[in-house]
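Fold and geometry: a report
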Amino acid sequence: MPIIGNLHQLKEKKPQQAFTRWAEDYGPIYSIKTGASTAVVLNSTEVAKEAMVEKFSSISTRKLAKAVSILSRDKKMVAGSDSGEFHRNGKRHIMKSLLGSSALKQYRASRDTMIDDMVSTFHKMVSDDPKTPLNFREVFTSGLFGLSVAQALGEDVSSIYVEEFGRVLSRDEIYEAVVHDFMWCVLEVDWRDFFPYLSWVPNESFETKVLTTEARRTAVMRALINRQKERIARGEARLSYLDYLLAENAELTEEQLIMLIWEVVLEAADTTLVATEWAMYEVAKNPEKQDRLYQEIREVCGNETVTEEHLPRLPYLNAVFQETLRRHAPVPILPPRFVHENTSLAGYDVPAGTEVIINVYACHMNEKDWDEPDEWEPARFLDGGRFRSAETNKTIPFGGGRRICAGMMQATNIGCTSIARFVQEFAWRLKEGDEDKVDTVHVTAYKLDPLCAYLTPRARGTE
Ligand code: HEM
(Lines give C-alpha, C1' and ligand atoms only; values in the text may rest on other atoms or scores of the structure.)
Protein backbone atom coordinates (compact mmCIF):
# COMPACT_ATOMS: atom_id res chain seq x y z
CA MET A 1 0.00 0.00 0.00
CA PRO A 2 1.42 3.47 -0.80
CA ILE A 3 2.92 5.28 2.21
CA ILE A 4 2.70 9.03 1.77
CA GLY A 5 3.76 11.96 3.89
CA ASN A 6 3.54 12.78 7.52
CA LEU A 7 0.44 13.81 9.40
CA HIS A 8 2.30 16.39 11.44
CA GLN A 9 3.20 18.20 8.19
CA LEU A 10 -0.52 18.78 7.76
CA LYS A 11 -1.02 22.33 8.99
CA GLU A 12 -4.70 22.80 8.10
CA LYS A 13 -7.46 21.94 10.52
CA LYS A 14 -9.53 20.23 7.80
CA PRO A 15 -7.48 17.12 7.04
CA GLN A 16 -10.40 15.52 5.15
CA GLN A 17 -9.71 17.80 2.19
CA ALA A 18 -5.99 17.02 2.00
CA PHE A 19 -6.72 13.29 2.43
CA THR A 20 -9.20 13.52 -0.48
CA ARG A 21 -6.66 15.26 -2.73
CA TRP A 22 -4.08 12.58 -1.92
CA ALA A 23 -6.64 9.87 -2.76
CA GLU A 24 -6.84 11.27 -6.30
CA ASP A 25 -3.16 10.35 -6.74
CA TYR A 26 -2.77 7.33 -4.50
CA GLY A 27 -6.17 5.63 -4.62
CA PRO A 28 -8.85 4.89 -2.01
CA ILE A 29 -6.45 3.39 0.55
CA TYR A 30 -3.00 4.60 1.56
CA SER A 31 -1.01 4.98 4.74
CA ILE A 32 0.60 7.98 6.35
CA LYS A 33 3.18 8.27 9.09
CA THR A 34 1.70 9.84 12.20
CA GLY A 35 4.93 10.53 14.03
CA ALA A 36 5.96 7.30 15.64
CA SER A 37 3.14 5.18 14.23
CA THR A 38 1.22 4.58 11.03
CA ALA A 39 -2.36 5.32 10.02
CA VAL A 40 -4.30 3.89 7.10
CA VAL A 41 -6.65 6.37 5.43
CA LEU A 42 -9.78 4.96 3.75
CA ASN A 43 -11.41 7.09 1.08
CA SER A 44 -14.10 4.93 -0.53
CA THR A 45 -17.38 3.65 0.91
CA GLU A 46 -16.52 0.11 -0.18
CA VAL A 47 -13.26 -0.13 1.77
CA ALA A 48 -14.73 1.88 4.68
CA LYS A 49 -17.52 -0.69 5.00
CA GLU A 50 -14.98 -3.51 4.82
CA ALA A 51 -13.29 -1.95 7.88
CA MET A 52 -16.50 -1.10 9.78
CA VAL A 53 -18.46 -4.29 9.09
CA GLU A 54 -16.48 -7.29 7.76
CA LYS A 55 -13.24 -6.63 9.66
CA PHE A 56 -14.94 -5.21 12.76
CA SER A 57 -13.64 -7.99 15.00
CA SER A 58 -10.04 -6.90 14.28
CA ILE A 59 -10.70 -3.12 14.27
CA SER A 60 -13.01 -2.55 17.22
CA THR A 61 -11.04 -0.25 19.50
CA ARG A 62 -10.96 3.55 19.40
CA LYS A 63 -7.86 5.70 19.12
CA LEU A 64 -8.49 9.02 20.81
CA ALA A 65 -6.43 12.18 20.49
CA LYS A 66 -5.13 13.55 23.81
CA ALA A 67 -7.77 16.29 24.04
CA VAL A 68 -10.66 13.89 23.46
CA SER A 69 -9.13 11.40 25.84
CA ILE A 70 -9.10 14.00 28.65
CA LEU A 71 -12.57 15.31 27.84
CA SER A 72 -14.04 11.81 27.63
CA ARG A 73 -12.33 10.96 30.95
CA ASP A 74 -10.48 8.20 29.14
CA LYS A 75 -13.22 6.66 26.97
CA LYS A 76 -16.05 6.97 29.50
CA MET A 77 -18.54 7.91 26.78
CA VAL A 78 -20.29 5.46 24.47
CA ALA A 79 -19.09 7.05 21.22
CA GLY A 80 -15.46 7.15 22.40
CA SER A 81 -15.34 3.74 24.08
CA ASP A 82 -13.74 0.54 22.83
CA SER A 83 -16.20 -2.14 21.82
CA GLY A 84 -16.92 -4.36 24.79
CA GLU A 85 -19.23 -4.53 27.77
CA PHE A 86 -19.26 -0.79 28.55
CA HIS A 87 -20.12 0.06 24.95
CA ARG A 88 -22.76 -2.67 24.65
CA ASN A 89 -24.54 -1.65 27.87
CA GLY A 90 -24.24 2.07 27.21
CA LYS A 91 -25.67 1.82 23.70
CA ARG A 92 -28.47 -0.48 24.90
CA HIS A 93 -29.48 2.09 27.55
CA ILE A 94 -29.45 4.96 25.04
CA MET A 95 -31.51 3.03 22.50
CA LYS A 96 -34.00 1.72 25.03
CA SER A 97 -34.65 4.97 26.83
CA LEU A 98 -34.01 7.70 24.23
CA LEU A 99 -33.28 6.90 20.63
CA GLY A 100 -34.67 3.49 19.65
CA SER A 101 -37.96 3.47 17.73
CA SER A 102 -40.28 2.97 20.71
CA ALA A 103 -38.40 5.50 22.87
CA LEU A 104 -38.60 8.02 20.01
CA LYS A 105 -42.40 7.78 20.10
CA GLN A 106 -42.37 8.83 23.74
CA TYR A 107 -40.45 12.01 22.95
CA ARG A 108 -42.64 12.89 19.97
CA ALA A 109 -44.44 15.75 21.73
CA SER A 110 -41.15 17.41 22.72
CA ARG A 111 -39.92 17.35 19.12
CA ASP A 112 -43.19 18.86 17.87
CA THR A 113 -43.11 21.59 20.53
CA MET A 114 -39.51 22.44 19.66
CA ILE A 115 -40.31 22.90 15.97
CA ASP A 116 -43.53 24.86 16.71
CA ASP A 117 -41.55 27.19 18.97
CA MET A 118 -38.88 27.77 16.32
CA VAL A 119 -41.52 28.58 13.70
CA SER A 120 -43.19 31.04 16.11
CA THR A 121 -39.83 32.67 16.83
CA PHE A 122 -39.15 33.08 13.11
CA HIS A 123 -42.61 34.65 12.61
CA LYS A 124 -42.01 37.07 15.44
CA MET A 125 -38.54 38.05 14.20
CA VAL A 126 -39.84 38.62 10.68
CA SER A 127 -42.76 40.74 11.82
CA ASP A 128 -40.57 42.76 14.22
CA ASP A 129 -37.90 43.47 11.62
CA PRO A 130 -38.77 42.26 8.10
CA LYS A 131 -35.84 44.03 6.41
CA THR A 132 -32.97 42.38 8.32
CA PRO A 133 -31.86 38.84 7.46
CA LEU A 134 -32.31 36.58 10.46
CA ASN A 135 -29.66 34.37 11.96
CA PHE A 136 -30.95 30.80 11.59
CA ARG A 137 -28.32 29.27 13.85
CA GLU A 138 -29.22 31.32 16.91
CA VAL A 139 -32.82 30.11 16.82
CA PHE A 140 -32.12 26.49 15.90
CA THR A 141 -29.26 26.08 18.38
CA SER A 142 -31.38 27.36 21.23
CA GLY A 143 -34.35 25.13 20.36
CA LEU A 144 -32.27 22.00 19.84
CA PHE A 145 -30.27 22.56 23.02
CA GLY A 146 -33.53 22.88 24.95
CA LEU A 147 -34.73 19.55 23.57
CA SER A 148 -31.38 17.85 24.27
CA VAL A 149 -31.33 19.03 27.88
CA ALA A 150 -34.99 18.13 28.43
CA GLN A 151 -34.48 14.62 27.03
CA ALA A 152 -31.35 14.10 29.10
CA LEU A 153 -32.46 15.70 32.38
CA GLY A 154 -36.26 15.99 32.38
CA GLU A 155 -36.55 19.74 31.81
CA ASP A 156 -34.98 22.60 29.90
CA VAL A 157 -32.88 25.05 31.95
CA SER A 158 -32.78 28.81 32.02
CA SER A 159 -29.93 29.14 34.55
CA ILE A 160 -28.06 27.15 37.18
CA TYR A 161 -26.05 27.96 40.29
CA VAL A 162 -22.61 26.31 40.02
CA GLU A 163 -20.84 25.96 43.32
CA GLU A 164 -17.31 25.82 41.84
CA PHE A 165 -17.92 29.20 40.14
CA GLY A 166 -19.77 30.68 43.10
CA ARG A 167 -22.41 32.18 40.81
CA VAL A 168 -25.43 31.56 38.61
CA LEU A 169 -24.74 30.71 34.96
CA SER A 170 -27.14 31.80 32.23
CA ARG A 171 -28.51 29.36 29.64
CA ASP A 172 -26.00 30.64 27.06
CA GLU A 173 -23.13 30.06 29.48
CA ILE A 174 -24.39 26.55 30.17
CA TYR A 175 -24.45 25.86 26.41
CA GLU A 176 -20.91 27.16 26.11
CA ALA A 177 -19.56 25.03 28.94
CA VAL A 178 -21.33 21.86 27.89
CA VAL A 179 -21.31 21.94 24.06
CA HIS A 180 -19.52 24.86 22.45
CA ASP A 181 -16.20 24.80 24.33
CA PHE A 182 -15.84 21.06 23.75
CA MET A 183 -16.12 21.55 19.99
CA TRP A 184 -13.36 24.15 20.01
CA CYS A 185 -11.22 22.16 22.33
CA VAL A 186 -11.11 18.96 20.28
CA LEU A 187 -9.67 21.02 17.44
CA GLU A 188 -6.59 21.56 19.56
CA VAL A 189 -3.79 19.38 18.26
CA ASP A 190 -1.28 18.18 20.79
CA TRP A 191 1.85 17.33 18.82
CA ARG A 192 2.79 14.83 21.50
CA ASP A 193 -0.06 12.65 20.11
CA PHE A 194 2.20 11.90 17.18
CA PHE A 195 5.28 11.13 19.25
CA PRO A 196 4.14 9.14 22.30
CA TYR A 197 7.74 8.63 23.44
CA LEU A 198 7.93 12.41 24.02
CA SER A 199 4.81 12.49 26.18
CA TRP A 200 6.85 13.52 29.24
CA VAL A 201 7.62 16.88 27.56
CA PRO A 202 5.23 19.51 28.98
CA ASN A 203 2.83 21.32 26.63
CA GLU A 204 1.30 23.71 29.10
CA SER A 205 -0.92 25.87 26.94
CA PHE A 206 -2.63 22.81 25.48
CA GLU A 207 -3.06 21.16 28.85
CA THR A 208 -4.41 24.26 30.56
CA LYS A 209 -7.03 24.80 27.89
CA VAL A 210 -8.25 21.19 27.81
CA LEU A 211 -8.22 20.73 31.58
CA THR A 212 -10.10 23.99 32.14
CA THR A 213 -12.74 22.99 29.61
CA GLU A 214 -13.06 19.59 31.25
CA ALA A 215 -13.40 21.05 34.75
CA ARG A 216 -16.02 23.61 33.66
CA ARG A 217 -18.03 20.97 31.81
CA THR A 218 -17.96 18.64 34.83
CA ALA A 219 -18.93 21.37 37.31
CA VAL A 220 -21.90 22.51 35.22
CA MET A 221 -23.12 18.96 34.53
CA ARG A 222 -22.86 18.10 38.23
CA ALA A 223 -24.98 21.13 39.15
CA LEU A 224 -27.59 20.31 36.50
CA ILE A 225 -27.80 16.67 37.60
CA ASN A 226 -27.98 17.51 41.31
CA ARG A 227 -30.92 19.82 40.73
CA GLN A 228 -32.79 17.00 38.99
CA LYS A 229 -31.84 14.51 41.70
CA GLU A 230 -33.63 16.81 44.18
CA ARG A 231 -36.71 16.70 41.94
CA ILE A 232 -36.56 12.90 41.75
CA ALA A 233 -36.12 12.71 45.54
CA ARG A 234 -39.35 14.73 45.89
CA GLY A 235 -41.07 11.92 43.96
CA GLU A 236 -41.50 13.93 40.75
CA ALA A 237 -40.58 11.39 38.08
CA ARG A 238 -40.27 12.61 34.48
CA LEU A 239 -39.53 11.14 31.08
CA SER A 240 -35.75 11.53 30.80
CA TYR A 241 -32.50 9.63 30.35
CA LEU A 242 -31.44 10.62 33.89
CA ASP A 243 -34.66 9.28 35.44
CA TYR A 244 -34.19 6.06 33.46
CA LEU A 245 -30.51 5.62 34.41
CA LEU A 246 -31.12 6.24 38.10
CA ALA A 247 -34.01 3.78 38.15
CA GLU A 248 -32.11 1.08 36.22
CA ASN A 249 -28.57 1.53 37.58
CA ALA A 250 -28.60 2.59 41.19
CA GLU A 251 -24.88 1.73 41.39
CA LEU A 252 -23.63 4.28 38.81
CA THR A 253 -20.91 6.55 40.20
CA GLU A 254 -21.24 10.33 39.97
CA GLU A 255 -18.54 10.44 37.31
CA GLN A 256 -20.27 7.79 35.18
CA LEU A 257 -23.58 9.59 35.45
CA ILE A 258 -22.04 12.93 34.47
CA MET A 259 -20.34 11.43 31.44
CA LEU A 260 -23.38 9.48 30.21
CA ILE A 261 -25.76 12.42 30.55
CA TRP A 262 -23.29 14.92 29.09
CA GLU A 263 -22.69 12.69 26.07
CA VAL A 264 -26.31 12.67 24.94
CA VAL A 265 -26.69 16.42 25.46
CA LEU A 266 -23.60 17.04 23.34
CA GLU A 267 -24.48 14.61 20.56
CA ALA A 268 -28.13 15.63 20.32
CA ALA A 269 -27.31 19.36 20.32
CA ASP A 270 -24.60 19.42 17.69
CA THR A 271 -24.75 17.35 14.50
CA THR A 272 -28.49 17.77 13.84
CA LEU A 273 -27.95 21.53 13.84
CA VAL A 274 -25.02 21.17 11.43
CA ALA A 275 -27.10 19.10 8.98
CA THR A 276 -30.23 21.24 9.17
CA GLU A 277 -28.36 24.52 8.80
CA TRP A 278 -26.61 23.25 5.64
CA ALA A 279 -29.93 22.01 4.25
CA MET A 280 -31.62 25.39 4.82
CA TYR A 281 -28.61 27.17 3.32
CA GLU A 282 -28.91 25.12 0.12
CA VAL A 283 -32.70 25.53 0.04
CA ALA A 284 -32.36 29.31 0.39
CA LYS A 285 -29.61 29.41 -2.23
CA ASN A 286 -31.49 27.32 -4.83
CA PRO A 287 -34.94 28.88 -5.45
CA GLU A 288 -36.02 26.29 -8.06
CA LYS A 289 -35.25 23.39 -5.75
CA GLN A 290 -36.97 25.21 -2.90
CA ASP A 291 -40.02 25.62 -5.10
CA ARG A 292 -40.03 21.93 -6.01
CA LEU A 293 -39.94 21.06 -2.31
CA TYR A 294 -42.71 23.51 -1.49
CA GLN A 295 -44.92 22.15 -4.29
CA GLU A 296 -44.40 18.60 -3.01
CA ILE A 297 -45.40 19.67 0.51
CA ARG A 298 -48.52 21.41 -0.83
CA GLU A 299 -49.57 18.38 -2.88
CA VAL A 300 -49.10 15.92 -0.03
CA CYS A 301 -50.17 18.00 2.98
CA GLY A 302 -52.61 20.49 1.48
CA ASN A 303 -53.50 22.92 4.26
CA GLU A 304 -52.40 20.58 7.03
CA THR A 305 -49.23 21.32 8.99
CA VAL A 306 -46.43 18.89 8.03
CA THR A 307 -45.83 16.23 10.67
CA GLU A 308 -43.57 13.22 11.03
CA GLU A 309 -46.41 11.06 9.65
CA HIS A 310 -46.10 12.81 6.28
CA LEU A 311 -42.37 12.10 5.90
CA PRO A 312 -42.61 8.75 4.05
CA ARG A 313 -44.82 10.45 1.43
CA LEU A 314 -42.36 13.29 0.76
CA PRO A 315 -39.63 11.78 -1.47
CA TYR A 316 -38.09 15.10 -2.51
CA LEU A 317 -37.83 16.19 1.14
CA ASN A 318 -36.00 12.96 1.98
CA ALA A 319 -33.75 13.55 -1.02
CA VAL A 320 -32.99 17.08 0.22
CA PHE A 321 -31.94 15.72 3.61
CA GLN A 322 -29.88 12.81 2.25
CA GLU A 323 -28.16 14.99 -0.32
CA THR A 324 -27.25 17.42 2.45
CA LEU A 325 -25.73 14.59 4.50
CA ARG A 326 -23.75 13.58 1.40
CA ARG A 327 -22.53 16.99 0.28
CA HIS A 328 -22.05 18.44 3.78
CA ALA A 329 -21.36 15.34 5.90
CA PRO A 330 -21.60 16.64 9.50
CA VAL A 331 -18.88 14.21 10.63
CA PRO A 332 -16.37 14.33 7.76
CA ILE A 333 -13.88 12.00 9.46
CA LEU A 334 -15.16 9.21 11.71
CA PRO A 335 -13.78 8.92 15.25
CA PRO A 336 -10.54 6.99 14.60
CA ARG A 337 -10.43 3.24 15.03
CA PHE A 338 -7.44 1.10 15.95
CA VAL A 339 -6.34 -2.28 14.57
CA HIS A 340 -5.76 -4.60 17.53
CA GLU A 341 -4.92 -7.78 15.59
CA ASN A 342 -3.30 -8.23 12.18
CA THR A 343 -5.85 -7.95 9.38
CA SER A 344 -6.16 -6.90 5.75
CA LEU A 345 -8.07 -4.17 3.91
CA ALA A 346 -8.65 -4.03 0.14
CA GLY A 347 -6.16 -6.88 -0.17
CA TYR A 348 -3.35 -5.07 1.72
CA ASP A 349 -1.95 -6.41 5.00
CA VAL A 350 -2.65 -4.06 7.90
CA PRO A 351 -0.70 -4.89 11.07
CA ALA A 352 -1.95 -4.57 14.65
CA GLY A 353 -1.16 -1.12 16.05
CA THR A 354 -2.26 0.75 12.92
CA GLU A 355 -4.75 3.60 13.25
CA VAL A 356 -7.68 3.57 10.78
CA ILE A 357 -8.97 6.93 9.54
CA ILE A 358 -12.27 6.78 7.63
CA ASN A 359 -12.64 9.84 5.44
CA VAL A 360 -16.41 10.21 4.96
CA TYR A 361 -15.91 13.42 2.98
CA ALA A 362 -13.91 11.55 0.29
CA CYS A 363 -16.45 8.70 0.18
CA HIS A 364 -19.18 11.24 -0.57
CA MET A 365 -17.19 13.28 -3.10
CA ASN A 366 -15.95 10.35 -5.14
CA GLU A 367 -16.39 10.89 -8.89
CA LYS A 368 -16.77 7.17 -9.50
CA ASP A 369 -19.95 7.10 -7.41
CA TRP A 370 -21.37 10.57 -7.99
CA ASP A 371 -21.77 12.80 -11.07
CA GLU A 372 -20.54 16.31 -10.32
CA PRO A 373 -20.07 15.54 -6.61
CA ASP A 374 -19.52 19.21 -5.71
CA GLU A 375 -23.07 20.04 -6.76
CA TRP A 376 -25.92 19.90 -4.22
CA GLU A 377 -28.48 17.99 -6.30
CA PRO A 378 -31.24 16.23 -4.32
CA ALA A 379 -32.71 14.70 -7.52
CA ARG A 380 -29.80 12.24 -7.59
CA PHE A 381 -31.66 10.40 -4.80
CA LEU A 382 -34.86 10.13 -6.88
CA ASP A 383 -35.93 7.69 -9.53
CA GLY A 384 -39.04 8.74 -11.46
CA GLY A 385 -40.25 10.74 -8.46
CA ARG A 386 -39.60 7.91 -5.96
CA PHE A 387 -36.93 8.05 -3.27
CA ARG A 388 -34.02 5.71 -4.16
CA SER A 389 -33.14 4.35 -0.74
CA ALA A 390 -30.47 2.12 -2.36
CA GLU A 391 -28.48 5.28 -3.17
CA THR A 392 -28.04 5.94 0.54
CA ASN A 393 -25.95 2.73 0.73
CA LYS A 394 -23.25 4.66 -1.12
CA THR A 395 -23.08 7.18 1.75
CA ILE A 396 -21.91 6.75 5.35
CA PRO A 397 -22.83 9.98 7.20
CA PHE A 398 -23.74 8.00 10.33
CA GLY A 399 -20.77 5.60 10.19
CA GLY A 400 -21.59 1.93 9.98
CA GLY A 401 -21.58 -1.55 11.44
CA ARG A 402 -21.99 -1.98 15.18
CA ARG A 403 -20.73 1.55 15.88
CA ILE A 404 -23.35 3.18 13.67
CA CYS A 405 -24.80 6.38 15.12
CA ALA A 406 -27.41 5.78 17.81
CA GLY A 407 -29.24 9.03 16.99
CA MET A 408 -29.78 8.43 13.27
CA MET A 409 -33.58 8.16 13.49
CA GLN A 410 -33.98 11.15 15.81
CA ALA A 411 -31.71 13.28 13.60
CA THR A 412 -33.63 12.28 10.46
CA ASN A 413 -37.01 12.97 12.05
CA ILE A 414 -35.96 16.36 13.39
CA GLY A 415 -34.01 17.35 10.26
CA CYS A 416 -36.72 16.40 7.76
CA THR A 417 -39.67 17.75 9.77
CA SER A 418 -37.92 21.05 10.51
CA ILE A 419 -36.92 21.63 6.88
CA ALA A 420 -40.46 20.84 5.71
CA ARG A 421 -42.10 23.10 8.31
CA PHE A 422 -39.69 25.97 7.63
CA VAL A 423 -40.37 25.78 3.88
CA GLN A 424 -44.12 25.35 4.38
CA GLU A 425 -44.26 28.52 6.49
CA PHE A 426 -41.74 30.78 4.71
CA ALA A 427 -40.05 31.48 1.40
CA TRP A 428 -36.29 31.56 2.10
CA ARG A 429 -33.76 33.84 0.39
CA LEU A 430 -30.06 34.07 1.21
CA LYS A 431 -28.51 37.29 2.41
CA GLU A 432 -26.78 39.01 -0.53
CA GLY A 433 -23.17 37.90 -0.99
CA ASP A 434 -23.56 34.65 0.95
CA GLU A 435 -23.84 32.39 -2.11
CA ASP A 436 -20.29 31.05 -1.84
CA LYS A 437 -19.98 30.85 1.93
CA VAL A 438 -19.43 27.11 2.08
CA ASP A 439 -16.40 26.95 4.37
CA THR A 440 -16.50 24.79 7.50
CA VAL A 441 -15.00 24.82 10.98
CA HIS A 442 -14.84 22.26 13.86
CA VAL A 443 -14.55 18.49 13.74
CA THR A 444 -18.23 18.41 12.94
CA ALA A 445 -18.57 20.38 9.70
CA TYR A 446 -20.13 23.56 11.09
CA LYS A 447 -20.81 26.25 8.55
CA LEU A 448 -18.09 28.82 9.18
CA ASP A 449 -20.51 31.69 8.53
CA PRO A 450 -23.90 31.16 10.17
CA LEU A 451 -26.82 31.03 7.76
CA CYS A 452 -28.46 34.45 7.48
CA ALA A 453 -31.61 34.60 5.36
CA TYR A 454 -34.67 36.69 4.53
CA LEU A 455 -37.91 34.92 5.34
CA THR A 456 -41.23 35.80 3.72
CA PRO A 457 -44.28 34.22 5.37
CA ARG A 458 -46.36 32.19 2.94
CA ALA A 459 -50.13 32.45 2.96
CA ARG A 460 -51.35 28.90 3.59
CA GLY A 461 -53.85 27.67 0.97
CA THR A 462 -53.71 30.67 -1.36
CA GLU A 463 -50.46 30.15 -3.30
C1 HEM B 1 -27.29 14.41 11.45
C2 HEM B 1 -27.02 14.08 12.70
C3 HEM B 1 -25.97 13.08 13.11
C4 HEM B 1 -24.89 12.61 12.44
C5 HEM B 1 -24.43 12.95 11.03
C6 HEM B 1 -24.20 11.69 13.33
C7 HEM B 1 -23.05 10.99 12.99
C8 HEM B 1 -22.43 10.08 13.82
C9 HEM B 1 -21.23 9.36 13.47
C10 HEM B 1 -20.47 9.49 12.16
C11 HEM B 1 -20.92 8.52 14.50
C12 HEM B 1 -19.71 7.59 14.61
C13 HEM B 1 -20.06 6.27 13.94
C14 HEM B 1 -18.88 5.37 13.72
O15 HEM B 1 -17.82 5.55 14.33
O16 HEM B 1 -19.02 4.45 12.87
C17 HEM B 1 -21.94 8.71 15.52
C18 HEM B 1 -21.99 8.03 16.70
C19 HEM B 1 -22.93 8.26 17.68
N20 HEM B 1 -23.95 9.18 17.65
FE21 HEM B 1 -24.47 10.34 16.06
N22 HEM B 1 -24.87 11.63 14.51
C23 HEM B 1 -25.97 12.45 14.43
C24 HEM B 1 -26.92 12.65 15.41
C25 HEM B 1 -26.92 12.06 16.65
C26 HEM B 1 -27.91 12.32 17.67
C27 HEM B 1 -29.13 13.23 17.53
C28 HEM B 1 -27.56 11.58 18.76
C29 HEM B 1 -28.32 11.59 20.05
C30 HEM B 1 -27.82 11.61 21.24
C31 HEM B 1 -26.36 10.81 18.41
C32 HEM B 1 -25.71 9.90 19.22
C33 HEM B 1 -24.63 9.12 18.83
C34 HEM B 1 -24.03 8.08 19.68
C35 HEM B 1 -24.47 7.69 21.09
C36 HEM B 1 -22.97 7.53 18.95
C37 HEM B 1 -22.02 6.42 19.37
C38 HEM B 1 -22.45 5.09 18.74
C39 HEM B 1 -21.51 3.94 19.03
O40 HEM B 1 -20.34 4.17 19.30
O41 HEM B 1 -21.96 2.80 18.96
N42 HEM B 1 -26.01 11.15 17.11
N43 HEM B 1 -22.84 9.67 15.07
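1. What to know about the pattern of salt bridges
Under the definition given, this model contains 27 salt bridges. Residue Glu277 pairs with Arg137 through a salt bridge whose shortest N-O separation is 3.0 Å. Of this pair, Glu277 sits in helix 11 (residues 254-285) while Arg137 sits in helix 7 (residues 136-153); the two residues are 140 residues apart in sequence, bridging distant segments of the chain. Assessed through its relative accessible area of 1%, Glu277 is described here as buried. In this structure, the salt-bridge partner of Arg217 is Glu214, at a minimum N-O distance of 2.9 Å. Here the residue Arg217 and the residue Glu214 both occupy positions in helix 9 (residues 204-233), the gap between them amounting to three residues, near one helical turn. Summarising the burial analysis for this pair, Arg217 and Glu214 share the class buried.

2. Description of the sheet that holds strand 14 (residues 426-430)
Read from one edge to the other, the open sheet built from three strands follows the order 5-17-14, with strand pairing classed as antiparallel. The open sheet has two edge strands with one neighbour each: strand 5 (134-135) and strand 14. Pairing of strand 14 with strand 17 (residues 452-457) involves five bridges; the strand directions are antiparallel. The partner of Arg429 across the bridge, within strand 17, is Tyr454. The strands touched by helix 6 (residues 108-128) are strand 5, strand 14 and strand 17; relative to strand 14, the strand with the most contacts, the crossing angle is about 65 degrees.

3. Side note on the packing of aromatic side chains
The final tally for this structure, using the stated rule, is 17 aromatic pairs. Consider the rings of Phe145 and Tyr175, whose centres lie 5.1 Å apart with planes at 80 degrees: the pair is edge-to-face. Taken together, the positions of Phe145 in helix 7 and Tyr175 in helix 8 (residues 171-185) put the pair 30 residues apart, joining distant regions of the chain. Overall, the relative accessible area of 2% leaves Phe145 in the buried class. Ring geometry for Phe422 against Trp428: centres 6.1 Å apart, planes inclined by 40 degrees, an arrangement best described as tilted.

The rules behind the values
- Per chain, residue numbering runs from 1 following the sequence as it is written.
- Restriction of local features to residues with pLDDT of at least 70 applies here, the model being predicted, together with a cutoff of 80 or more for giving and counting side-chain atom pairs; totals for whole chains, interfaces and linings are based on all residues.
- Heavy atoms from the whole structure form the basis of all side-chain values; hydrogens and water molecules are not counted.
- Criterion for a salt bridge: a side-chain nitrogen of Lys or Arg within 4 Å of a carboxyl oxygen of Asp or Glu.
- Numbered from the N terminus, helices here are DSSP runs of H or I no shorter than four residues, and strands are runs of E no shorter than two.
- Only protein chains enter the calculation, and the probe is 1.4 Å; a residue is then buried if its accessible area is under 20% of its type maximum, exposed if over 50%, and partly exposed in between.
- Strands qualify as paired when DSSP identifies two bridges or more between them.
- When checking whether two residues touch, look at their non-hydrogen atoms; a contact exists if any pair is within 4.5 Å.
- Note on geometry: axes are C-alpha line fits, over the in-contact stretch for helices, and angles between N-to-C directions span 0 to 180 degrees.
- Pairing of aromatic side chains here covers Phe, Tyr and the six-membered ring of Trp, requires ring centres within 6.5 Å, and sorts the geometry by plane angle: under 30 degrees stacked, over 60 edge-to-face, intermediate tilted.

Purely geometric numbers; function is a separate question.
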